[in-house]
Structure formats: structure tokens, C-alpha cells
Amino acid sequence: MSMSSSSSRLRCDDAGLGHVPHVRIIGGLSECPGCGLYQRVPDLAAGEQATCTRCGQKLARRRRTAPLATPLAFCISSAAFYLAALASSLMTLDVYGRQRTVDLLTGPMELMHEGWGEAGILVGAVTVLAPAVAIGFMFVILYAASCTRLPDWAPRVLVWYDKLRPWSMVEVYILGIFVAYTKLTDMAHVDVGPAVYLIGALMLTMAATDSTLDTEMIWRHRRIDRVTRTENGQTVAVDYAHVDQTGLPPVDHLVACTSCGLVGELAHPVSSLHCVGICPRCEHKVWRRLPQSLTRTTAFLIAAIVFYIPANLYPVMTFLRMGGGGGHTIIEGAIELWQDGMIPLSLLVFFASITVPMLKILSLGWMISQTWRGARGHLVARTRLFRLVDMVGRWSMIDVFMISILVAVVRFNAMASVTANAGMVAFAAVVVLTLLAAWSFDPRIMWDAAGRNGPVTDGLPPAVLRAQHDRAAASSPSSLPPAGVLPARMEPDQA
Ligand SMILES: [Zn+2]
Ligand SMILES: [Zn+2]
């Protein structure tokens, strides 16, 4: 390693990477976001995808559809469906000749009026605000991608879009409407408004926009900056090489941008504790792993467990009908649907509201404890389980959405009324906290802790680092895990 005397002097202060002499961007190389293995990803043909050879995570894919025109068409439809849904009615309830019509905004408003401001803001944010902002961002991104040179602000919008998109829960809301509708049909006459069909269509067009958008094509459109900045503002020169020209760079010198996936090689081993600098392509802060992943996930998970108890013990809503009725807990809601003969729906509610939060808490707890201990088993299973937990987490919001609709529509004073209870706020807190726990967990640290990603010097529990150090000292270098760069697995795009 050739370093100038000034940079080796700078190396002594361990404050971040103020001593980076230059960054080399390595083209054709990709780090698996599931397990942290660096792999060669060649140029894909249309309809091809590359998956990780170690954990099966999708690394890249190329669509057969037109990269800009197709998502643009879906995005325009989304905007039209969204505006129409906002302007039309959601459902009309008729109780002995008295009618009440509600729209998308009534639920969040009523929750706020009743004093459940946090829940009202949450429901409004994920069903009304987030979809609108996501559609707007998508328009801006597609406009930027159609320019001959990608505008400087475009990368930031793409980064924000990625962060915001999981909060847009239109598809979960549709199921919430469905459960609310089923609960109402046995007490009164319900007319489904046009907004329900429009939201259904919006769900499909938004999913289609995401699945046809090829962000890698947009990134390729962007010239990589010749200079970039370190965390403390120091300017650093950037040069570019393709993986075939450089051979196999040492894995502990590599870092991949968590936002756009660009891989850089530094002149020294990369720390997991400090921000490496600013990505020369997307301007996102680059970290080797998500910052403080293990401690943050642990904290969110403990908070979720604390709320889990009142969420299941206290009623989530009170249903009064002709002076009768009373409070319902989450489980009682599912049992009632079962008793009414709505068995598939009861199973759905049971799965979304009882099984999913439980699954998330238990599996994240398992992953965290295995990582704290530096366990080396079941890594592929744990990585797959994490992908599942990450995917199903949002579906627990069904009950919260259902209550927001019932509270809005069933307001007939003594005849029939639904009010929200404290259990609902606790339940919403469990859902949000487990989502935050999953998003702050970096599955690559499970492989780091098991010693499968080459030498790691920091960012893991001290006991795990010590054990790895001892193992490396005891074993011959040839028995160390392969730290080279393998080619990714290529297969046809099944989606
Ligand atoms: Zn992998
Ligand atoms: Zn980047």
C-alpha cells in the first residue's frame, strides 16, 4: 500500500475518513444488499436478472418494457385515479333511513376530532399524503430521466422517493376498506362509492410504475462526478475502473452506496462506524453498513414489545348498537368475523394483526440475538426470513385503517356508533415501531458477525470481533472464507 507521509500522519487520528487520498469507482461490481457478498454483474439483456449466488437476493434486472414510456404511462394513470378518488365518495351507510357518506379524508379527520391525533395523522399520511407525494416525485424523476443530461437535483429526488415509497399504503388500505365493509353489511345497508374502485386501480398502477421503472438505467444516465467530498467536507478525486481491469480488489477496502449501489474502492480498510463520504453519483451519504444498525434495531424492537402488551389487552374500538355492544380487542375482532361466518376474512385479519406483528418481533429478536452472539448458522434462512418480514410488515395496518373507516361512517348517536380506543394507538405504534426496526436492520451484519464477509475491524459487538480475531489467528489463511469476487447468478426475469 503506497501512501504519502502526510496521509499516513492523518491516519493516526481515527476520526472518520478524512485521510482518503482518492476513491476508485469499480464498474461491473455489485454488493448484495442481503448478505454483503461482492459479485460481478455483467450487462444484462432485456428480460434478464442477476441474483446473489450466496443468498438468492435479486441484484439487478432489466425489463423488456420501454424504460421510460411504460412507467410514465402508469404514473399518469395513477395521478388521474388518485385525483378522482380524492374527489369521490368512499361509502354511504344507511341506518333506518338516515344516511351518512364519507370520503378518503373523513376517517383521519374524525380520529383527530375524537382526540386520537397521532393515529389520525398516521392514517392520513400513509393513505392520502404519501401516495400523492410519491406520484409527484415519480413524475419529476421520469422528467429528469428524459433529459439528455440528468439534472443535478434528480438523484436526491430518487433517494427521497425510495425512502417515501414504503409509507404509501394504498394496497393495505384497500383491504381495510374490505374488512370495514364486511363488518357493516350485517348491521345496515352499505353503498360502495366510486373511490373504492379508483383506489383499487391506483394500487395496481402504482405497483406497475415501480415494477417497470429501471433505476439502474436512470443512474447510468448520470455522469459520475470527478471529485467528491468526505464527511468533513474535504474534496477527494474520483477515478473509474472496470472490475476486469482492476482484478479482485481487497473486499475490506470496498464500500457500496446503500442508495444507488455504486461500488467504490478506498486505499485502506473501510470502517463501519463512520460515514465514508458523499456518493459521487447520487450524493447520498455512504456508509459501509446502515449506521448503528444493531443497536437501533434492538431499541425499536424493545419499544415495540412494550406497546405490544397494551395493544392486545385494551380494546381498539367500541361498537355501540341500540345501546348494546362494547369494546373490542384485536383478537375479539377476528373472532367476531369467524362467528359471523366470514372465515377467510377472519383468517386474513388474524394473520395481519396477530401473526405478522408476532412474526416480526420474534424473527427480528432471533436475528438480533444471533448477531450479538456472532452465530454462524442458518444465515441463508435468516436472510430470507428478513426479506419476508420486510415485505409483510405493512399489512398489519389493516385493522387501523378499518377502524378509521368505521369511526368515520358509523356515527348515528344512540342508534349505532363506533369510537376508537387507546388499544388502537398502541397497536399502530407496534406496527410503526416494527417497521422502523426492520428498516434500520442491515441483514449484511449477520454475515459480518459470522465472519463470512472477510476481515471486519469494527461495527460489531466487541465479543464477536474478538472471537473472529482469534479464529483468524488460529487458522491458516487458506481456510479463511473466500474474499474474492464471484460472478452473480444469471437467470430469466420471472416477474
Ligand atoms: Zn447475497
Ligand atoms: Zn450512491
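Note that the structure is a prediction, hence the values are computed from the model and not measured.

Visitor: Any chance you could break down helix α6 (residues 170-185) for me, citing the residues and the numbers?
Guide: With 16 residues, α6 extends 23 Å from end C-alpha to end C-alpha; this agrees with the ideal 22 Å at 1.5 Å per step. Listing the buried residues of α6 in full gives V170, V172, Y173, L175, G176, I177, V179, A180, K183 and L184. The secondary structure elements touched by the buried residues of α6 are β6 (91-95), α4 (117-146), β8 (189-192), α7 (194-212), α12 (343-373) and α14 (398-409).

Visitor: Please provide a residue-by-residue account of unusual backbone geometry, values included.
Guide: You will see that Y96, though not glycine, has its phi angle at about 45 degrees, which is positive. A tally of 9 C-beta atoms within 10 Å means that Y96 is categorised as exposed. Within the chain, E283 stands out as a residue other than glycine whose phi angle is a positive 65 degrees. You can see E283 is positioned in the loop between β13 (277-278) and β14 (285-286).

Visitor: Please provide a residue-by-residue account of the sheet that holds strand β15 (residues 317-321), values included.
Guide: The strand order β16-β15-β18-β17 describes an open sheet built from 4 strands, whose pairing is antiparallel. One side of each edge strand has no neighbouring strand; the edge strands of this open sheet are β16 (324-328) and β17 (411-412). Alignment of β15 against strand β18 (residues 416-420), held across 5 bridges, turns out to be antiparallel. Across the sheet, the residue bridging to R321 is A416, located in β18.

Visitor: Explain the environment of A267 to me, and be specific about the residues and the numbers.
Guide: Take A267: it is sitting in the loop between β12 (263-265) and β13. Take A267: there are 17 C-beta atoms within 10 Å of it, and that puts it in the partly exposed class. Between the C-alpha atom of A267 and that of T434, which follows or precedes it by 167 residues, the distance is 38 Å.

Visitor: Residue-level account of the UniProt feature "transmembrane region" (unreviewed entry) in the protein, with values.
Guide: Taken from the UniProt record, the annotation "transmembrane region" (unreviewed entry) applies to residues 68-91, 119-143, 164-182, 194-213, 298-317, 347-368, 392-412 and 418-439. The distance separating the terminal C-alpha atoms of residues 194-213 is 28 Å; by composition the span is 95% helix and 0% strand. Secondary structure across residues 298-317 divides into 80% helix and 5% strand, with the first and last C-alpha atoms of the span separated by 30 Å.

Visitor: So what's going on with the pairing of strand β4 (residues 48-51)? Which residues, and what values?
Guide: As paired elements, β4 and strand β5 (residues 58-61) share 3 bridges and run antiparallel to each other. Paired with T51 across the strands is K58, a residue of β5.

Visitor: Let's hear about the sheet that holds strand β9 (residues 227-229): which residues, and what values?
Guide: Remark on secondary structure: sheet strands pair via backbone hydrogen bonds, oriented parallel or antiparallel. With mixed pairing, 5 strands are arranged side by side in an open sheet as β9-β10-β1-β12-β11. Every other strand in the sheet has two partners, leaving β9 and β11 (254-256) as the edge strands with one partner each. In this sheet, neighbouring strand axes are inclined to one another by 35 degrees on average, regardless of whether the strands run parallel or antiparallel. Here β9 runs beside strand β10 (residues 235-242); their pairing, made up of 3 bridges, is antiparallel. Looking across to β10, one finds that V227 is bridged to A237.

Basis of the calculations
Along each chain, numbering runs from 1 in the same order as the chain's sequence is written. By the order in which they are written, chains take letters starting at A while ligands take numbers starting at 1. Under the rules for a predicted model, residues below a pLDDT of 70 receive no local features and side-chain atom pairs below 80 are neither given nor counted, while totals for whole chains, interfaces and linings still include all residues. Helix and strand assignments come from DSSP, with helices taken as H or I runs of at least 4 residues and strands as E runs of at least 2, each series counted from the N terminus. Expected span, for any helix, means 1.5 Å times one less than how many residues it has. Residues are called buried when their C-beta atom has 20 or more other C-beta atoms within 10 Å, exposed when it has 12 or fewer, and partly exposed otherwise; all C-beta atoms are positioned from the backbone. Throughout, a pair of residues is in contact if the C-beta atoms placed from their backbones lie within 7 Å. For two strands to be treated as a pair, DSSP must find no fewer than two bridges joining them. UniProt positions are given in the numbering used here, feature names are shortened, and annotations may be inferred rather than shown by experiment. The axes are straight lines fitted to the C-alpha atoms, using for helices just the contacting stretch, and the angles between their N-to-C directions are given from 0 to 180°.

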